[in-house]
Amino acid sequence: MLRIIRANISGLKYPLYSSLTLSFASFGDAFLYPFLPQYAEVMEIPVVWIGVLLSINRFIRILINPVVVKLFARYGVRTVTITASVMAIVSTVGYGLGWGLLSLVLFRLIWGMAYAILRISTMAYAFEHEFIGISLGIGKSIQEAGPMLALWLGPLLLSYFSVTNTFFLLALISIPSLLYAISLPDLKYIPLAAKGITFNIPSLMNLMTFAVSFTVDGMLIVVTGLFLAKQNGSLTALAIMSFTAGYLAYRRVCFILFSPGAGVVAERFGFIKLFNFSFLMIITGLVLLLAGWVPAGLIIIFTFNSIYSTIAPGAIADQKTDKIKAVALNASWWDIGAATGALTGGAILSAAFLFETFMIAIFVLVFLLIIKFWKTDRN
């Protein structure tokens, strides 16, 4: 349950402000994914630590998501969002300081805490809109615009500036995040029950969220460059990083282009139907990827993962009284999947068991979808 303290939310103004806050805050994190696997030696980072650094922010989110609910209830959504924006900018500066492995671990933890807050904050303001699907869709589109810009700007800046100055400039461009956070109205979350978030046996939809995030947002994001290298062995490290950044940028473009439409379709035909269809198409893309159709597979996966990610909170929160608690729990399962998936992706960067690992993932996804259809038919 939410209550506006200072002003009423009318239209999409404040849901968009909260999404812009997250969008600008994500610059440093977005660029780190294509950058770190190819420039680990420059950063003096052992290869074995790449997966850890790219996943540790997600592990901390697993612990922080339940805390965010309490912080919102105690201090209000706006105040906590402003603090998270500052933390995000600091983390981007930290990536460029060159203080070594431990400092990178620290700043990844800071970013993980900031993202956990900003993500749930965007949902809190979106749920105040009359048409939640449209608000979530347009908001998700805005959230991904910043990281997409970072994926384009990062390699360009790196061509002219040092690693340190590249991250400093990305941090400078992130400052509007703080300005939009300050512009938000006070929003107070009032828990409907004293009991907090508990990790019992996950629901089927939370299991599906875990499986998708493990496979796509975890493993595939880390090993996209590996699939490209296996398809064309003549590519240089810079070319692989550039192509990887391009596909990850396309992933962000999908959120921008398809999220608003996904919200409209979900409002008309229902969140669950679109949830199931996008899940099926992700499986199709993974099959094409392993069959050797790498560009087609990546395009299908990233296209429908954007739709799935957009409408999943609405599907989870549908008919739930305490929507913030429901999406916070689902976000935790998403983070568990993405974190363990990134670690797994880092472990298979040597290309060992790449095919076998993704085959197992496809089998699990198909099994969960069959169970979902079976339960739907029984109801």
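Residues numbered from 1 in each chain as written. Predicted model: local features only at pLDDT ≥ 70, side-chain atom pairs only at ≥ 80, totals over all residues. Heavy atoms only, no water.

**Regarding the overall build of the protein chain**
Working step 1: Along the protein chain, the regular secondary structure elements total 14 helices and two strands.
Working step 2: Looking at the protein chain residue by residue over its 379 residues, the buried ones come to 57%.
Working step 3: For the protein chain, the share of sequence-separated contacts (at least 6 apart) that also reach a separation of at least 24 residues comes to 86%. (Helix = DSSP H or I, 4+ residues; strand = E, 2+ residues; numbered from the N terminus. Buried < 20%, exposed > 50% of the residue type's maximum accessible area, 1.4 Å probe, protein only. Contact = heavy atoms within 4.5 Å.)

**What about the confidence of the model for the protein chain?**
Caution applies to low-pLDDT regions: their predicted coordinates should not be interpreted in detail.
Working step 1: Of all residues in the protein chain, 89% have pLDDT values of 70 or greater, and the mean over the chain is 83.
Working step 2: When mean pLDDT is compared element by element in the protein chain, helix α8 (residues 176-182) scores highest at 95, while strand β1 (residues 2-4) scores lowest at 42.
Working step 3: This model gives residues 1-9 a pLDDT under 50, and the stretch forms 31 contacts once residues within four places in sequence are excluded. (pLDDT = per-residue confidence, 0-100.)

**Describing the side chain of Ser306**
Working step 1: By secondary structure assignment, the location of Ser306 is in helix α12 (residues 294-317).
Working step 2: For Ser306, a relative accessible area of 1% corresponds to the buried category.
Working step 3: The contact partners of Ser306, leaving out residues within four places of it in the chain, are Cys254, Phe255, Phe258 and Ser259.

**Details of the packing of helix α1 (residues 13-25) against helix α6 (residues 132-160)**
Working step 1: Close contact between α1 and α6 brings their axes to 7 Å; oriented N to C, the two are set at 25°. Taken together, the axes of α1 and α6 lie roughly parallel to each other. Where α1 crosses over α6, the handedness of that crossing is right-handed. Along the contact surface, α1 presents Pro15, Leu16, Ser19, Leu20, Leu22 and Ser23, while α6 presents Ser135, Ile138, Gly139, Ile142, Gln143, Ala145, Gly146 and Pro147.
Working step 2: When grouped by side-chain class, the residues that make up the contact of α1 with α6 number eight nonpolar, six polar and no charged. (Axes fitted to C-alpha atoms, helices over the stretch in contact; angles between N-to-C directions. Parallel < 35°, antiparallel > 145°, perpendicular 65-115°, else oblique. Left-handed = near helix turned anticlockwise from the far one by under 90°. Nonpolar A, V, L, I, M, F, W, Y, C, P; charged D, E, K, R; others polar.)

**Here's the deal with a nonpolar patch on the surface**
Working step 1: A contiguous nonpolar patch, built from Leu149, Trp152, Leu156, Tyr160 and Phe161 and spanning about 570 Å² of accessible area, is present on the exposed surface.
Working step 2: Topologically, Phe161 is positioned in the loop between α6 and α7 (163-173).
Working step 3: Take Phe161: its relative accessible area is 40%, and that puts it in the partly exposed class. (Patch = residues over 30% accessible without salt bridge, like charges linked within 9 Å, V, L, I, M, F, W, Y side chains within 5 Å. Areas by Shrake-Rupley, 256 points an atom, 1.4 Å probe, with all protein chains shown as cover. Salt bridge = Lys/Arg side-chain N within 4 Å of Asp/Glu carboxyl O.)

**Thoughts on helix α5 (residues 101-126)**
Working step 1: Look at α5: 37 Å from first C-alpha to last across 26 residues, which is about the 38 Å you get at 1.5 Å a residue.
Working step 2: With respect to burial, α5 is a largely interior element, 21 of its 26 residues being buried. (Expected span 1.5 Å × (residues − 1).)

**A closer look at helix α2 (residues 27-39)**
Working step 1: With 13 residues, α2 ought to run about 18 Å at 1.5 Å a step, and its terminal C-alpha atoms sit 18 Å apart, in line with that.
Working step 2: Of all 13 residues that make up α2, 10 are buried, and the element is covered over most of its length.
Working step 3: Considered for burial, the residues of α2 that qualify are Phe27, Gly28, Asp29, Ala30, Phe31, Leu32, Tyr33, Pro34, Phe35 and Leu36.

**Comments concerning the pattern of salt bridges**
Working step 1: Per the stated rule, a full pass over the model turns up six salt bridges.
Working step 2: Notably, a salt bridge pairs Lys140 with Glu144, separated by 3.9 Å at the nearest N-O pair. Of this pair, Lys140 and Glu144 are both found in helix α6, four residues apart, which corresponds to roughly one turn of the helix.
Working step 3: Lys140 sits in the buried class, given a relative accessible area of 15%.
Working step 4: Note on Glu144: relative accessible area 7%, which makes it buried.
Working step 5: Residues joined by salt bridges that share partners form a network here, namely Arg61, Arg119 and Asp335.

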